[in-house]
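The primary structure of each chain is shown beneath.
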Amino acid sequence: ERIRRKKILASIMGSEMDKIRRLPPELAEKIAAGEVIERPFSAVKELVENSLDAGATEIRVELQAGGKRLIKVVDNGSGMSPGDARLSIERHSTSKISTAADLERISTLGFRGEALASIAAVSELVIRTSDGSSGAGIEVSSKGGVETEVKEIAFPRGTSVEVRDLFFNLPARRKFLRSEQSELGLSVRYLTSAALAFPEVRFVLVHGRKEIINCLPVGSLRERIFELFGNDVLERLMEIDFRDGESRIFGFGSRPPEGKTDKAHQLFFVNRRPVRDRILQAALNQGYHGFLTKDLFPEAFLFLILPPEEVDVNVHPAKAEVRFGDSQRVFHLVLKGIEASR
Ligand code: ADP
Ligand code: MG
């Protein structure tokens, strides 16, 4: 009986009844890339996160055509060795975690080791980098994720990543990108939030020949808000700073009864990572309920510092959302922070 069944099985295996096939690696790569890199701003975000993780104190972003033609991010961070530079564009290659336990307490912005691989898979990419140890640097070029050239170059400590023609090999994705201006707007919004989270870092954003952001390193969030938005904005905000054990909330929120006519001015950060979150949103609303002029919404730049093991950052492909171990506690932290300053 067993032999008979085995024979039947063998005859079925490999017959035309099979419909599932393993996708060729280039296609699998493109599909995976589409999850992480949705539009030019997603690439800008991933590259800037890498620069921040590398400890850069200066980050310069150059865009052409809203990032559709060119995205270039240059930093003065740790740089990479030649070997690391070549490995960095392979999927699941990262220097940031090595064990499953590390995934439970992430303290860097990146950790999945797939951003560079994803960007490389759908663009023409050039990485220039040096870790400053040997004086020389390396230049690695790739197209559609395939390495095309590697050469030694003179390069100061730091990294430059150049991304040309994003989605050149994913015409459907390219077709659905919005206008240059609207794609640019998303990058500006992201860089503004990065600049708020890292006041000690210099950020420059240039679009074509136009400089859009240029903020010098400063010592506090207050000074960064002043640099980015000016004194008018600061004057209608109140400072928030509240601690509860290991956790802390700080930042700025509308000074009642001031407010905005829309909710576009509410930014939340968890451990310096910009996030969208309904719990934080709800706590903010509740904290201001009844204190603002009718029909106005609070403006807010709120930073939560939580023990890394109490935040799961591995829940969203673009890392735009997080999950809290104890969301009740987080809700109350925000609420108490606002109440204490109101
Ligand atoms: P992740 O950030 O999740 O580790 P990435 O694909 O974004 O994955 O980057 C892969 C690796 O390449 C990083 O872990 C880091 O070691 C290296 N790397 C990328 N960008 C930079 C940079 N700007 N400076 C230094 N190292 C970098
Ligand atoms: Mg990264």
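Above: the structure in question.
My aim in this report is to walk through the structure given alongside it, one point at a time. (Residues numbered from 1 in each chain as written. Chains lettered and ligands numbered in written order. Predicted model: local features only at pLDDT ≥ 70, side-chain atom pairs only at ≥ 80, totals over all residues. Heavy atoms only, no water.)

### What to know about the packing of aromatic side chains
- Tallied over the full model, the rule gives 4 aromatic pairs.
- When the centroid spacing of 5.3 Å and the interplanar angle of 15° are considered together, the rings of Phe250 and Phe303 count as stacked. With Phe250 in strand S10 (residues 247-254) and Phe303 in strand S13 (residues 300-305), the pair connects residues that are 53 residues apart, well separated along the chain.
- Seen from their ring centres, Phe269 and Phe303 are 4.1 Å apart, and the 5° between their planes marks the pair as stacked. With Phe269 in strand S11 (residues 266-270) and Phe303 in strand S13, this residue pair connects regions lying 34 residues apart in the sequence. Side by side, Phe269 and Phe303 carry an identical accessibility label, which is buried.
- Three or more aromatic residues link up through ring pairs in this structure, and these residues are Phe250, Phe269 and Phe303.
- Directly above the ring of Phe198 sits Arg272, whose terminal nitrogen or CZ lies 4.1 Å from the centroid.
- Above the face of the Phe291 ring, Arg342 is positioned so that its terminal group lies 3.6 Å from the ring centre. (Phe/Tyr/Trp six-rings, centres within 6.5 Å; stacked < 30°, edge-to-face > 60°. Helix = DSSP H or I, 4+ residues; strand = E, 2+ residues; numbered from the N terminus. Buried < 20%, exposed > 50% of the residue type's maximum accessible area, 1.4 Å probe, protein only. Lys NZ or Arg CZ within 6 Å of the ring centre and 35° of its normal.)

### Some remarks on the sheet that holds strand S5 (residues 146-154)
- Ordered in space as S5-S4-S3-S6-S2-S1-S7-S8, the 8 strands form an open sheet in which the pairing is mixed. Every other strand in the sheet has two partners, leaving S5 and strand S8 (210-215) as the edge strands with one partner each. Here the average twist between neighbouring strands, direction ignored, is 10°.
- Looking at chain direction, strand S2 (residues 70-75) and strand S6 (residues 158-164) are connected through 6 bridges and run antiparallel. Its bridge partner lying in S6, Val73 is registered against Val161. (Pairing = 2+ DSSP bridges. Axes fitted to C-alpha atoms, helices over the stretch in contact; angles between N-to-C directions.)

### A few points about the environment of Leu87
- Here Leu87 lies in helix H4 (residues 82-87).
- Each C-alpha atom, one on Leu87 and one on Pro25, is 17 Å from the other, the two residues being 62 residues apart in sequence.

### Regarding the nonpolar core
- Within the largest apolar cluster, 57 residues are counted, with the highest numbers of intra-cluster contacts made by Val48, Ile59, Val61, Leu191, Phe203 and Ile225.
- A total of 7 residues in this core trace back to one element, the largest contributor, which is helix H8 (residues 180-197).
- By size, the runner-up hydrophobic cluster in this structure holds 27 residues, among which are Ala283, Leu292, Leu302 and Val313. (Core = buried A, V, L, I, M, F, W, Y, C linked by side-chain atoms within 4.5 Å.)

### Concerning a nonpolar patch on the surface
- Side chains of Leu23, Leu27 and Ile31 sit close together on the surface and give an oily, nonpolar patch of about 260 Å² of accessible area.
- Note on placement: Leu27 falls in helix H2 (residues 25-36).
- Classification of Leu27 by relative accessible area gives partly exposed; the value is 37%. (Patch = residues over 30% accessible without salt bridge, like charges linked within 9 Å, V, L, I, M, F, W, Y side chains within 5 Å. Areas by Shrake-Rupley, 256 points an atom, 1.4 Å probe, with all protein chains shown as cover. Salt bridge = Lys/Arg side-chain N within 4 Å of Asp/Glu carboxyl O.)

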